Amino acid sequence: MTNKMKYILAVVALLSATIMQAQDSWEKWGPTRGMKGAGVLVRAGYTIGGTTPLPLPEEIRSINAFSPKGGATIGVDVYKMFCKRWGASMGWHFFYEGFHTSADVKNYKMSLTMDGNTMSGYFTGTDITNTDMWGMTIPILATFRISPRWNLSFGPYFSTYFKKNFSGEVYDNEKGVGYLRVNDPTGEKVNIDRNNPATYDFSDNMFQWNAGMEVGFDWKACKHMNVFAKLDWGMTNIWEPDFDAVAFRMYPIYATIGLAYRY
Amino acid sequence: MVLGVFSLSSCIKEEPMNAECDIESVSVHVDNPISIFHHEYDTLKVVGSASDRIVFLIRSQENVSQLPLTLNLTSGATAFIKDANGNFSEFKNGSLVDFSQEREQVFRVLSEDKNWNRTYSIVFEHEIPAEGDFTLGFEDYTLDATGKYYEWQVLDAKVANVFTDGKWKNGNPGYKLCKSSAKPMEYPSVPVVDGGPDGSSCVKLETKDTGSFGSMVNMRLASGSMFNGIFDVSNALKDALKATRFGSPFTHKPEKMTVWLKYEPGAVFQDRMGKPMEGIIDEPDAYVVFYRNQDESGNEVMIDGNDMFTNPHIVGLGRLPHNLNEDGSDKLCDTPIHGLSSTWKLVDIPVVYQKEVDPEILANKGYSLAISFASSWQGGYFQGAIGSKLFLDNVSLYCEKDEQ
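Residues numbered from 1 in each chain as written. Chains lettered and ligands numbered in written order. Predicted model: local features only at pLDDT ≥ 70, side-chain atom pairs only at ≥ 80, totals over all residues. Heavy atoms only, no water.

1. Side note on the overall build of chain A
(1) Moving on: The helix and strand tally for chain A stands at one helix and 11 strands.
(2) Moving on: Secondary structure elements in chain A, listed N-terminal to C-terminal, are α-β-β-β-β-β-β-β-β-β-β-β.
(3) Moving on: When the 263 residues of chain A are sorted by exposure, 53% land in the buried category.
(4) Moving on: The contacts of chain A with a sequence gap of at least 6 include a subset with a gap of at least 24, amounting to 72%.
(5) Moving on: Carbon and sulfur atoms provide 64% of the accessible area of chain A, an area that totals close to 12,700 Å². (Helix = DSSP H or I, 4+ residues; strand = E, 2+ residues; numbered from the N terminus. Buried < 20%, exposed > 50% of the residue type's maximum accessible area, 1.4 Å probe, protein only. Contact = heavy atoms within 4.5 Å. Areas by Shrake-Rupley, 256 points an atom, 1.4 Å probe, with all protein chains shown as cover.)

2. Quick word on the sheet that holds strand 7 (residues 96–97) of chain B
Backbone hydrogen bonds are what pair the strands of a sheet, in a parallel or an antiparallel way.
Residue and element names in this part refer to chain B.
(1) Moving on: The antiparallel open sheet is built from four strands, whose spatial order is 2-1-4-7. Strands at the two margins of the open sheet, each flanked by one partner only, are strand 2 (44–46) and strand 7.
(2) Moving on: Bridging between strand 4 (residues 67–73) and strand 7 involves two bridges; their strand directions are antiparallel. In the sheet register, Pro68 faces strand 7, and the bridge partner there is Leu96. (Pairing = 2+ DSSP bridges.)

3. Observations regarding the nonpolar core
For soluble globular proteins, nonpolar side chains are generally found buried alongside one another.
(1) Moving on: One finds Phe166, Phe202, Trp239 and Val246 of chain A together with Val289, Tyr291 and Ile303 of chain B to be the most contacted residues of the largest nonpolar core, which totals 56 residues.
(2) Moving on: Judged by nonpolar contacts, the second largest core, of 39 residues, contains Val159, Leu340, Leu369 and Cys399 of chain B. (Core = buried A, V, L, I, M, F, W, Y, C linked by side-chain atoms within 4.5 Å.)

4. Examining the interface of chain A and chain B
(1) Moving on: Between chain A and chain B, the contact holds 46 residues from the first and 42 residues from the second.
(2) Moving on: Together chain A and chain B conceal approximately 3,900 Å² of surface at their shared face, both sides included; 61% is due to carbon and sulfur atoms.
(3) Moving on: Between chain A and chain B we count four salt bridges in total.
(4) Moving on: Among the ionic pairs, Glu20 of chain B bridges to Arg181 of chain A, the shortest N-O distance being 3.2 Å.
(5) Moving on: One can count 14 residue pairs in polar contact (both at pLDDT 80 or more) joining chain A with chain B.
(6) Moving on: Element by element, the count of residues in the side of chain A that touches chain B is highest for strand 2 (residues 60–81) of chain A, at six residues. (Buried area = accessible area lost by both parts, 1.4 Å probe. Salt bridge = Lys/Arg side-chain N within 4 Å of Asp/Glu carboxyl O. Polar contact = N/O pair within 3.5 Å; in protein donor to acceptor, adjacent residues only side chain to side chain.)

5. Notes on the packing of aromatic side chains
(1) Moving on: Throughout the structure, instances matching the rule amount to 34 aromatic pairs over all chains.
(2) Moving on: Aromatic pair Trp150 of chain A and Trp219 of chain A: ring centres 6.4 Å apart, planes at 45°, arrangement tilted. Taken together, the residues span a long stretch of sequence, with Trp150 of chain A in strand 5 (residues 150–171) and Trp219 of chain A in strand 9 (residues 209–220) at a distance of 69 residues.
(3) Moving on: Relative accessible area serves as the criterion here: at 39%, Trp150 of chain A is assigned to the partly exposed category.
(4) Moving on: On the basis of relative accessibility, which here comes to 30%, the residue Trp219 of chain A falls in the partly exposed class.
(5) Moving on: Seen in terms of ring centroids, Phe202 of chain A and Trp239 of chain A are 6.0 Å apart; in terms of plane orientation they differ by 85°. Their pairing is edge-to-face. Taken together, the positions of Phe202 of chain A in the loop between strand 8 (198–201) and strand 9 and Trp239 of chain A in the loop between strand 10 (225–234) and strand 11 (251–262) put the pair 37 residues apart, joining distant regions of the chain. Side by side, Phe202 of chain A and Trp239 of chain A carry an identical accessibility label, which is buried.
(6) Moving on: Feature note: the residues Phe166, Tyr200, Phe202, Trp239 and Phe243 of chain A constitute an aromatic cluster, connected by ring pairs.
(7) Moving on: Sitting above the plane of the Tyr398 of chain B ring, Lys256 of chain B keeps its charged end 5.4 Å from the centroid. (Phe/Tyr/Trp six-rings, centres within 6.5 Å; stacked < 30°, edge-to-face > 60°. Lys NZ or Arg CZ within 6 Å of the ring centre and 35° of its normal.)

6. Considerations on the pairing of strand 5 (residues 78–82) of chain B
All names here are of chain B.
(1) Moving on: Here strand 5 runs beside strand 8 (residues 105–110); their pairing, made up of four bridges, is antiparallel. In the strand pairing of strand 8, Ala79 is matched with Val109.
(2) Moving on: As defined by bridge partners, strand 5 adjoins strand 6 (residues 88–90) across three bridges and the pair is classed as antiparallel. Within strand 6, the residue paired with Ile81 across the bridge is Ser89.

7. Some thoughts on the side chain of Asn172 of chain B
All names here are of chain B.
(1) Moving on: Looking at where Asn172 falls in the secondary structure, it is placed in helix 4 (residues 172–178).
(2) Moving on: A distance of 3.5 Å separates the side chain of Asn172 from the backbone oxygen of Tyr150, its partner in a polar contact.
(3) Moving on: Discounting residues that sit within four places of it in the chain, Asn172 has contacts with Tyr149, Tyr150, Trp152, Tyr187, Pro188 and Ser189.

8. Section: the environment of Gly45 of chain A
All names here are of chain A.
(1) Moving on: The topology assignment puts Gly45 in strand 1 (residues 38–52).
(2) Moving on: Separated by 214 residues in the primary sequence, Gly45 and Leu259 have C-alpha atoms spaced 6.3 Å apart.
(3) Moving on: Residue contacts for Gly45: discarding those within four places in its chain leaves Gly71, Ala72, Thr73, Phe228, Thr256, Ile257 and Gly258.

9. A short note on the pattern of salt bridges
Residues and elements named next belong to chain B.
(1) Moving on: Evaluation of the coordinates by the stated rule reveals 24 salt bridges over all chains.
(2) Moving on: Ionic pairing is found between Lys253 and Glu400, a salt bridge with its closest N-O pair at 3.4 Å. Highlighted residues: Lys253 in the loop between strand 20 (248–249) and strand 21 (254–264) and Glu400 in the segment after strand 30 (389–399), separated in sequence by 147 residues.
(3) Moving on: Of the residues examined, Lys253 reaches a relative accessible area of 18% and is grouped as buried.

10. Side note on the sheet that holds strand 3 (residues 53–58) of chain B
Residues and elements named next belong to chain B.
(1) Moving on: Here we have five strands laid out as an open sheet, ordered 3-9-8-5-6, and mixed in their pairing. Two strands close off the open sheet at either side, each with one partner strand: strand 3 and strand 6. Within this sheet the neighbouring strands show an average axis-to-axis angle of 30°, counted without direction.
(2) Moving on: Sheet topology places strand 8 next to strand 9 (residues 117–126); six bridges connect them, and they run antiparallel. Residue pairing across strands places Val106 opposite Ser121, the latter belonging to strand 9. (Axes fitted to C-alpha atoms, helices over the stretch in contact; angles between N-to-C directions.)

11. Quick look at the domain arrangement of chain B
Residue and element names in this part refer to chain B.
(1) Moving on: Under the domain assignment used here, chain B contains domain 1 (23–126) and domain 2 (134–399).
(2) Moving on: If you average the C-alpha positions of domain 1 and of domain 2, the two centres end up 31 Å apart.
(3) Moving on: Both faces considered, domain 1 and domain 2 share a buried interface measuring about 740 Å² in area, 49% of it formed by carbon and sulfur atoms.
(4) Moving on: Broken down residue by residue, the surface that domain 1 buries against domain 2 is led by His38, His39 and Tyr41, which jointly contribute 64%.
(5) Moving on: If you look at where domain 1 meets domain 2, you find zero salt bridges. (Domains from an automatic or database assignment.)

Here it is, written out as structure tokens:
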């Protein structure tokens, strides 16, 4: 036998072994009771991500720092399989997520209103933002078994927040440039520097609800334990409908990796 | 997925073109600046972001019919000059411009992105020498161009040159930034019709709360103020003391200032953080400073909120009495000695000279005169009592008579 033959045989042997295993594994890795069973998953994961305009507007010139704050998700999913491959699940997750960012902006249109006073115009300089959100998400997903041990799930989610923070400050960039042109680019120039930055807090202008799409993968690591990764992609603006201090819509995009216990 | 978030910074779009269209400074090149100007530094004018009329004060109208002019614009912007027929043509730096007969030359600046433009005028005014003695009564006031707050003009051409742009300056433009909702009569410096000791209009300076925007930048109050010089609103948030620049060139040696004043201190003195300070009574301020306006290297000197009493170029000073510490710093206490009350009083503020005044330098505008009033004497540090009110009227300056 040539080496080539040996190699082909080995691959065939390996493949058939895998298929054999896969064939009887649909049962082994299936839901706890039969192929159409239902079950419960308890999930815990580490969440990171950010809240961002998409695409980035041209006013954002560079991102100097982007550091997601370590977030967390815990929750329960109930699922029901309708046939060998298809099922549905619904969850109830609690989360904390947040990020810190520093960006250089140019002619960034902004408007602040406090106590009936408005300051608006175009800011050029550095903008520091801190965001934190504590809340609850309900994903309603279709699940698809790609293979005995791999599940794909996707569908919409709905979130509500218990506590939210979107605050930061603006000041001069590394070149010492930091100013607001009042009302429009021909208005008074107000210089702002890091020794006396202007702070802002838009926490109360964040919308109470968010909805988007979730896509997730589960891998059945052992009889009761899944390893999972999911991405929640916000499709609704984080700002209240009439809020215009930030000239663009922003979306939360957060990923979670973690472990799930299967009952 | 996580990578997707991190790679956002690779989605930075191309830089947008500049939207601003300022003349940042104007300069003229002449071989012998002193033949036209009083100081060499007068050949360059830095233009504030809010001003659109640029005035060069000159000794004589000779030799200004062909001046090579240089405009320093926002990067990418283009300047156009208006000709006699009202048409604009592109202006190239260094081109000769006719400023004879106080002709006001009009320029239009177009931003790099072509969406914005500003119109400026540049004029070379033959300076009318200021008279020594004057009295100013605060009768001429109007709303500013935006209709938000009052401004006081000095219309008498013989005194107007002591006031940059022919106007009294105060913190009202800064207050506008913090309190966009304020009505004109709610600003720190306001006119009082028929309120003066002689029955004519006077001025009320009142220390005001600056609201949420003020506390956002740690400037919780605004003292009412009135002075001659420059209030650089662009730097009011960055460095308020430095943004308040006092004085204008003056060719007479002041001996004393008299002014009608009355004062009502506000109830609670607060520190910069807004915390009440027990046992301190707010005090007003009124002073006149005479100083050399050029240093040894020929650079312009202008005193500001940091050094209006301590700048080494000061030659003479007169101030409302205060309790001061031995090192000259201000002592905050509950026993003011300014002697003012809520009834009008004519106050005499003599100028005390620490240095000689050189008559030659004096005649060539080498000294500047600053006069200034405030409703809270520590207002520059954003300390004071909200509601402190200083009323003032009929400021008179008396100068030495035999100097020329």
